[in-house]
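# Examination of the molecular architecture
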Amino acid sequence: MLVVERSDPKEPQAIALLRASHALMQSLFPPEDNSFLSIEELCAPNVHFYVARRGARVLGTGALAVKLGYGEIKSMFVDPNARGQGVADALLRALHDLARELELGDIKLETGNSLDAALRLYRRHGFTAYGPFGDYIANDSSIFMTKTL
């Protein structure tokens, strides 16, 4: 059974997945276009960090950073061996539910233009194209998306 729950980004299995995610982003995109949060930044009071686990094994991570009037999806990553099993869908639903509980107006995100599976996931969950938001600046690698709650 897949369980999605709030967790500590410094939990060893979460760290391993976050490091794998960061390494992938660094291999795909120029440094100036990488906007992932460090493990320390994921511990900030305004960031709600979640994991999806099956038994004791962490299969995926995701976070909701609460901003002024909206939430931002961060650190969505699924273990490559667990892809296609609904892990990302479950994480995204949990983050969406949290954003509703927090009475946020919108959920926004930035993702890489070559991350086809991520783009399909976000579109399937009702996200649409949007311009840069917050501190983001338009670049050749980023796709910005939003969903009104």
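The structure reproduced in this document is the subject of the present report. Sequence positions are assigned chain by chain, starting from 1 and proceeding in written order. It should be noted that, the model being predicted, local features are given only for residues of pLDDT at least 70 and side-chain atom pairs only at 80 or more, the latter also being counted only at that level, while totals for whole chains, interfaces and linings use all residues. As a rule here, side-chain values cover all heavy atoms of the structure and leave hydrogens and water aside.

## Concerning helix 1 (residues 12-28)
- Here a strand is any run of E in DSSP of at least two residues, a helix any run of H or I of at least four, and the numbering for each starts at the N terminus. The span expected for a helix works out to 1.5 Å for each residue beyond the first. Look at helix 1: 25 Å from first C-alpha to last across 17 residues, which is about the 24 Å you get at 1.5 Å a residue.
- Exposure categories follow from relative accessible area, calculated using a 1.4 Å probe and restricted to protein chains: below 20% of the type maximum is buried, above 50% is exposed, and the middle band is partly exposed. Every buried residue of helix 1 is accounted for by Ala14, Ile15, Leu17, Leu18, Ser21, His22 and Met25. Along the axis of helix 1, the buried residues cluster in a sector spanning 165°; they form a single face. Exposed residues lying more than 90 degrees from the buried face of helix 1 are Pro12, Arg19 and Ser27.
- Contacts are assigned to residue pairs that have any heavy atoms within 4.5 Å of one another. Those residues of helix 1 hidden inside the fold are in contact with strand 2 (47-54), strand 3 (57-66) and strand 4 (70-78). Read the arc as the range of directions from the helix axis to the C-beta atoms.

## A short note on the packing of helix 2 (residues 87-101) against helix 3 (residues 116-124)
- What counts as an axis is a line fitted to C-alpha atoms, over the stretch in contact for a helix, and the angles between N-to-C directions run from 0 to 180 degrees. Helix 3 packs onto helix 2 with a crossing angle of 45° between their chain directions and a minimal axis gap of 11 Å. Relative to helix 3, the element helix 2 lies oblique. The handedness of the crossing between helix 2 and helix 3 is right-handed. Seen from helix 2, the contacting residues are Ala88, Asp89 and Leu92; seen from helix 3, they are Leu121, Tyr122 and Arg124.
- Gly is placed with the polar residues, together with every amino acid not listed as nonpolar (Ala, Val, Leu, Ile, Met, Phe, Trp, Tyr, Cys and Pro) or charged (Asp, Glu, Lys and Arg). By residue class, the composition of the contact of helix 2 with helix 3 is four nonpolar, no polar and two charged. What sets the label is the angle itself: under 35 degrees gives roughly parallel, over 145 gives roughly antiparallel, 65 to 115 gives roughly perpendicular, and the rest give oblique. In a left-handed crossing the near helix is turned counterclockwise from the far helix by less than a right angle, and in a right-handed crossing that turn is clockwise.

## A word on unusual backbone geometry
- Not every positive phi belongs to a glycine, and Ser75 is a case in point at roughly 55°.
- Mapped onto the fold, Ser75 is located in strand 4.
- Accessibility expressed as a relative area gives 14% for Ser75, which makes it buried.
- Even without being glycine, Glu103 reaches a positive phi, approximately 60°.
- As for its placement among the helices and strands, Glu103 is situated in the loop between helix 2 and strand 5 (106-112).

## Some words on the sheet that holds strand 2
- Strand order in this open sheet of seven strands is 1-2-3-4-5-7-6, and the pairing throughout is mixed. On the outer flanks of this sheet lie strand 1 (2-6) and strand 6 (128-130), each paired with one strand and no other. Between one strand and the next, the sheet's axes are offset by a mean angle of 30°, whatever the strand orientation.
- At least two DSSP bridges between two strands are required for those strands to pair. Looking at chain direction, strand 6 and strand 7 (residues 142-148) are connected through three bridges and run antiparallel. Pairing of Tyr130 across the sheet is with Phe144, part of strand 7.
- Sheet strands touched by helix 2: strand 1, strand 2, strand 3, strand 4, strand 5 and strand 7. Its angle to strand 3, the strand with the most contacts, is close to 30°.
- Most of the contacts of helix 3 go to strand 5, to which it runs at about 165°, and overall it touches strand 4, strand 5 and strand 7.

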